[in-house]
Amino acid sequence: MTTTTPAMPKARKRRRKTRTSNVNHLTPIIASGLKVNEIDLTPGKEHLVCPDCSTWVPITGMLGTPKLVPHHTGRAKNAEPRRCTAGSNRKVAIDVEVDAWHTELIEAVPTTASRRATKVLPKPKVKPAPAASQIKPAPLSAEQIRQAFRKHQQQCPACKGEATGRDGQPLPCHDGERLAVTFLRLYRQEPKRQAVREFFARERRRFDRQYAAAAPAKRKSEWAAVLQKVKDADDLRSQVPAGDAPTEARSVPLETLHPAC
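Reading the values: rules and limits
Residues numbered from 1 in each chain as written. Predicted model: local features only at pLDDT ≥ 70, side-chain atom pairs only at ≥ 80, totals over all residues. Heavy atoms only, no water. Core = buried A, V, L, I, M, F, W, Y, C linked by side-chain atoms within 4.5 Å. Buried < 20%, exposed > 50% of the residue type's maximum accessible area, 1.4 Å probe, protein only. Contact = heavy atoms within 4.5 Å. Phe/Tyr/Trp six-rings, centres within 6.5 Å; stacked < 30°, edge-to-face > 60°. Helix = DSSP H or I, 4+ residues; strand = E, 2+ residues; numbered from the N terminus. Patch = residues over 30% accessible without salt bridge, like charges linked within 9 Å, V, L, I, M, F, W, Y side chains within 5 Å. Areas by Shrake-Rupley, 256 points an atom, 1.4 Å probe, with all protein chains shown as cover. Salt bridge = Lys/Arg side-chain N within 4 Å of Asp/Glu carboxyl O. Expected span 1.5 Å × (residues − 1). Arc of directions from axis to C-beta.

> Can you walk me through the nonpolar core in this structure?
With 16 residues, the main nonpolar core has Ile29, Ile39, Leu48, Cys50 and Leu68 as its most contacted residues. Discounting residues that sit within four places of it in the chain, Ile29 has contacts with Leu34, Leu48, Pro51, Leu68, Arg90, Lys91, Val92 and Ala93.

Right under this line is the structure:
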């Protein structure tokens, strides 16, 4: 015996604006009480969002008694249709001019766009700057001071002898004098600094040679320390346990394992 399952009822495709004389007894929907994006007053395309089922529904009877057309709570041709009884044939009070509604809609577009969340860009992780006490100044060489001193002489009027005082005597340049004293001091210390750099370079090369020469001996002593343990492990692994050689597992009757009580 075969059973047939009835087809699931579906909402039929309805006309865009259903004309009927039925009128809902609920209070009319006030157009001015809706948000600007919940109603469309474009001539010939009047729609609004039903307050009961939140579905966009056409408005019929714009030349007489405006009201919502009968509609379902879901989209057309969906299974299990449910008619919106509270919103179907409900009157609509159009108390908003089309031009005023259109102007308000245009003004609301930039306001809505400004409320949209912008893309959040992650801040780049910047390493904090060291404290003043942690900053180590780079040592200056005599050549760097000499170049700074020559550049200063080319730009300083006092070093050129062009700057004079009220008595006509040339003015001294304290900056140039300080650079010259620093250059002479570093120039005298340069041989000693060069000797120190060469000493550290020789010590570094000597340390590298000693490390490279001692590495094989150190590796050999480390292997000698663990060699006996390795041999013991190999001997244990090569030994055969006492008794017969292991054989394949044989099936044992269940009666021998679990005798009847």
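> Even after reading the chapter, I still don't get the packing of aromatic side chains, so can you show me in this structure?
Each aromatic ring pair is characterised by the separation of its centres together with the angle its planes make. One pass over the full model with this rule turns up 2 aromatic pairs. Centre to centre, the rings of Phe183 and Tyr187 are 5.9 Å apart; their planes meet at 35°, and the pair counts as tilted. Of this pair, Phe183 and Tyr187 both sit in helix 4 (residues 174-238), 4 residues apart, which is roughly one turn of that helix. Residues Phe199 and Phe200 carry aromatic rings whose centres are separated by 5.7 Å and whose planes lie at 70° to one another, so their mutual orientation is edge-to-face. Looking at Phe200, the relative accessible area reads 55%, which means it is exposed.

> Which parts of the structure should I look at to understand a nonpolar patch on the surface?
There is a patch of nonpolar side chains on the surface, built from Val196, Phe199 and Phe200 and spanning about 300 Å² of accessible area. Within the element layout of this structure, Phe200 appears in helix 4.

> Quick question: what am I supposed to make of helix 4 here?
For the α-helix, the turn length of 3.6 residues means that residues three or four positions removed from each other point alike. End to end, helix 4 covers 89 Å across 65 residues, agreeing with the expected 96 Å (1.5 Å per residue, within 8%). Looking at helix 4, one finds that the buried residues are Gly176, Thr182, Phe183 and Leu186.

> Just to check I follow, could you spell out helix 2 (residues 142-155) for this structure?
Its 14 residues place the ends of helix 2 20 Å apart at the C-alpha level, agreeing with the 20 Å of an ideal helix rising 1.5 Å per residue. Residues of helix 2 that are buried: Ala142, Ile145, Phe149 and His152. Along the axis of helix 2, the buried positions cluster into a sector of 90°, meaning they face one direction only. Exposed positions of helix 2 whose direction lies more than 90 degrees from the buried face are Lys151, Gln154 and Gln155.

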